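These are the residues of each chain, in order.
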Amino acid sequence: MKKLLILIVAGALYFHYYPNEKLNSWLFEQKQTVLGYFSDATDTKVRLKSDKIYQDLAKDFGQFNSQEKAFVAEMTSSREKVKTFNEQYCKTKKQTPKLHRDNLAKVCYTISKYSNLL
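Residues numbered from 1 in each chain as written. Predicted model: local features only at pLDDT ≥ 70, side-chain atom pairs only at ≥ 80, totals over all residues. Heavy atoms only, no water.

(A) Quick look at the state of the cysteines. Scanning the entire structure with this criterion turns up one disulfide. Across the disulfide from Cys90 sits Cys108; the S-S distance is 2.1 Å. Around the S-S axis, the bridge from Cys90 to Cys108 shows a dihedral of about -85° and counts as left-handed. One end of the pair, Cys90, is in helix H5 (residues 79–90); the other, Cys108, is in helix H6 (residues 101–113), with 18 residues separating them in the sequence. (Disulfide = S-S within 2.5 Å. Helix = DSSP H or I, 4+ residues; strand = E, 2+ residues; numbered from the N terminus.)

Spelled out as structure tokens, the structure:
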């Protein structure tokens, strides 16, 4: 145990007085990765189930064609996809060729109801 402590201190002193840019950037990336894992594992926020948006839109599916229904089903398959769609199309007001303008407005409105849970 004593030898391990000496090794850690020696390594810390070496990297402090002789910094290596590539090594420092690699260590920073590894630190961010580990912190991301810990953050995901200990997150206690309430999150949106992506199928909730699909269920809310199901009452309006009479106005959607089959390709649009398939696209909405695929888009609501995960929370990350919903979040990406919201940032890409709803917040920027861009059109998507996969949804009609009115249907896109309905999807964006439904997502906006739950945007604080994304």
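That shown, we press on.
(B) Inspection of the pattern of salt bridges at higher detail. All chains considered together, the criterion is met by three salt bridges. The partner of Lys52 in a salt bridge is Asp56, with the nearest N and O atoms 3.3 Å apart. Linking Lys52 with Asp56, this pair stays in helix H3 (residues 51–57), spanning four residues, or about one helical turn. (Salt bridge = Lys/Arg side-chain N within 4 Å of Asp/Glu carboxyl O.)

(C) Looking closely at the nonpolar core. Ile53, Val72, Phe85, Leu99, Val107 and Ile111 are the most contacted members of the largest nonpolar core, which totals 19 residues. Elements with a minimum of two residues in this core: H3, helix H4 (66–75), H5 and H6. Not counting residues within four places of it along the chain, the set of residues in contact with Ile111 comprises Ile53, Met75, Val82, Phe85, Asn86, Cys90 and Leu118. (Core = buried A, V, L, I, M, F, W, Y, C linked by side-chain atoms within 4.5 Å. Buried < 20%, exposed > 50% of the residue type's maximum accessible area, 1.4 Å probe, protein only. Contact = heavy atoms within 4.5 Å.)

(D) Main features of helix H1 (residues 2–17). Here H1 is 16 residues long and its end C-alpha atoms lie 23 Å apart, about the 22 Å a rise of 1.5 Å per residue gives. Within H1, only zero of the 16 residues are buried, leaving the element largely exposed. (Expected span 1.5 Å × (residues − 1).)

(E) Structural context of the packing of aromatic side chains. What the rule picks out here adds up to four aromatic pairs. Both rings, one in Tyr54 and one in Phe61, keep their centres 5.1 Å apart while their planes meet at 65°; by these two values the pair is edge-to-face. For Tyr54, a relative accessible area of 30% gives the class partly exposed. The buried category is assigned to Phe61, whose relative accessible area is 11%. When the ring of Phe61 is compared with that of Phe64, the centres are 5.3 Å apart and the planes differ by 70°; the resulting orientation is edge-to-face. (Phe/Tyr/Trp six-rings, centres within 6.5 Å; stacked < 30°, edge-to-face > 60°.)

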